[in-house]
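# Descriptive structure summary
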Amino acid sequence: MSPAAVHGTGPGPPSAKSTALVAGGTSGLGLATARHLRTKGMHVVLLARSETTGHTAVAALGTSNVSFTAGDIASPADVTAALDAAEQEGPLRIAVNCAGINRPGKTLGRHGPLPLPEFTELITTNLVGAFNLARLAAARMAMNDLSNGERGVILLTASAAAFEGQAGQAAYAASKAGVVGMTLPLARDLAAHQIRVVTIAPGLFDTPMLRSLPAGVQEALSGELLHPQSFGDPSLFAALVGHILDNPMLNGSTLRLDGAVRLPTQSQGSR
């Protein structure tokens, strides 16, 4: 059986199409990933907080082999509902987390210490949410029949900030470094169930999160680009997701996808 057959692009279990859950799948990297998986013949369930963006994403992708469920990645009930929706279409083979938030704030800024709830919010969404998705998806995948030696793949998203967080990114960098740090233990925990875990750490990609930054900040970041000298297209992130799915030797690792960029010290509009 070819590697592609593991992930729903070839024959699967009788009368069951493989499914994928993409958290944060309604824009940016997640939407590009959902589009890529859908072209491979998988049914893709999008999980995100906003129903408005969810319905817009479904319309953009086309109504066949794609559906949306509103929810918070850090909520066990919401992720469980999304997994239930995915398994109505077939066995869950892929779970991708692209959900995340970034609200810059210096540890000690003009208005005093960073409010602890702001730090906690980023850790909860970006790190606790990633683990919540991984643990609940793994429980479903562990029930799958083996297909080419594995039962499923979990892909998480970190950031270049996990390695060189900027001023004003203590919370964001900590949350993404946590994702990097748990990747290998997760892979080790789930190896007995034939489930792989891989994290991608993107650099500067042309996403709504980046485009929400002030124009001056975007210009400053563009000056840090080496080669290629352009913000990454989300389709390139999705292409790496596809390669990870097809390459069973990728497990327990964090892959930087950043065009050799290293983030400068300057914060991104932090107060």
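In case you missed it, the structure is sitting above this.
We now turn to the structure provided with this report. Everything numeric in this text was worked out from a predicted model, so none of it was measured.

The rules we used
Residues numbered from 1 in each chain as written. Predicted model: local features only at pLDDT ≥ 70, side-chain atom pairs only at ≥ 80, totals over all residues. Heavy atoms only, no water. Helix = DSSP H or I, 4+ residues; strand = E, 2+ residues; numbered from the N terminus. Buried < 20%, exposed > 50% of the residue type's maximum accessible area, 1.4 Å probe, protein only. Polar contact = N/O pair within 3.5 Å; in protein donor to acceptor, adjacent residues only side chain to side chain. Contact = heavy atoms within 4.5 Å. Core = buried A, V, L, I, M, F, W, Y, C linked by side-chain atoms within 4.5 Å. Salt bridge = Lys/Arg side-chain N within 4 Å of Asp/Glu carboxyl O. Axes fitted to C-alpha atoms, helices over the stretch in contact; angles between N-to-C directions. Left-handed = near helix turned anticlockwise from the far one by under 90°. Nonpolar A, V, L, I, M, F, W, Y, C, P; charged D, E, K, R; others polar. Arc of directions from axis to C-beta.

## Quick look at the side chain of Arg140
- Counting through the fold element by element, Arg140 comes out in helix H4 (residues 116–141).
- Looking at Arg140, the relative accessible area reads 16%, which means it is buried.
- Within the structure, Arg140 has its side chain in polar contact with the side chain of Asp84 (distance 2.8 Å).
- In this view, Arg140 contacts Thr80, Leu83, Asp84, Glu87 and Leu92; residues no more than four positions away in its chain are not counted.

## Quick look at the nonpolar core
- Counting 30 residues, the largest nonpolar core has Leu21, Leu83, Leu92, Met141, Ile154, Leu156 and Val197 as its most contacted members.
- Where this core is concerned, the elements lending two or more residues are strand S1 (19–23), strand S2 (43–48), helix H3 (76–87), strand S4 (92–97), H4, strand S7 (152–157), helix H6 (170–190) and strand S8 (195–202).
- When residues in this core are grouped by element, the largest group, seven residues, is from H4.
- Discounting chain neighbours no more than four positions away, the residues touching Leu156 are Asn97, Ala130, Val179, Met182, Leu186, Val197, Val198, Thr199 and Ile200.
- Leu37, Val44, Leu240 and Leu250 belong to the second-largest nonpolar core, a separate cluster that totals 29 residues.

## Looking at the pattern of salt bridges
- Taken as a whole and assessed by the stated rule, the structure comprises eight salt bridges.
- Of the charged contacts in the structure, one is a salt bridge between Arg140 and Asp84, with a shortest N-O distance of 2.8 Å. With a gap of 56 residues between them, Arg140 in helix H4 and Asp84 in helix H3 connect regions that are remote in the sequence.
- Its relative accessible area of 37% is what places Asp84 among the partly exposed residues.
- The salt bridge partner of Arg256 is Glu164, with a shortest N-O separation of 2.8 Å. Of this pair, Arg256 sits in strand S9 (residues 254–257) while Glu164 is found in helix H5 (residues 161–164), placing the two residues 92 residues apart along the sequence.

## Focus: the packing of H3 against H4
- Following both chains from N to C, one finds H3 and H4 inclined at 35°, their axes separated by 10 Å at the closest point. As H3 packs across H4, the resulting crossing turns out to be right-handed. In this structure, H3 uses Pro76, Val79, Thr80, Leu83, Asp84 and Glu87 to contact H4, whose residues at the interface are Asn132, Leu133, Arg135, Leu136, Ala137 and Arg140.
- Here the contact of H3 with H4 is composed, by residue class, of six nonpolar, two polar and four charged.

## Observations concerning the environment of Leu257
- The topology assignment puts Leu257 in strand S9.
- Excluding anything up to four places from it in sequence, Leu257 contacts Ile200, Ala201, Pro202, Gly203, Phe205, Leu236, Phe237 and Leu240.

## Some thoughts on helix H2 (residues 51–61)
- All of the buried residues along H2 are Gly54, Ala57, Val58 and Leu61. Viewed end-on, H2 has its buried residues packed into an arc of 100°, placing them on one side of the element. Counted as exposed and oriented over 90 degrees from the buried face of H2: Thr52, His55, Thr56, Ala59 and Ala60.
- Buried residues in H2 make contact with helix H1 (28–39), S2 and strand S3 (66–70).
- Directly after H2, the chain includes Gly62, whose backbone phi takes a positive value near 105°.

The analysis is restricted to geometry; functional conclusions fall outside its scope.
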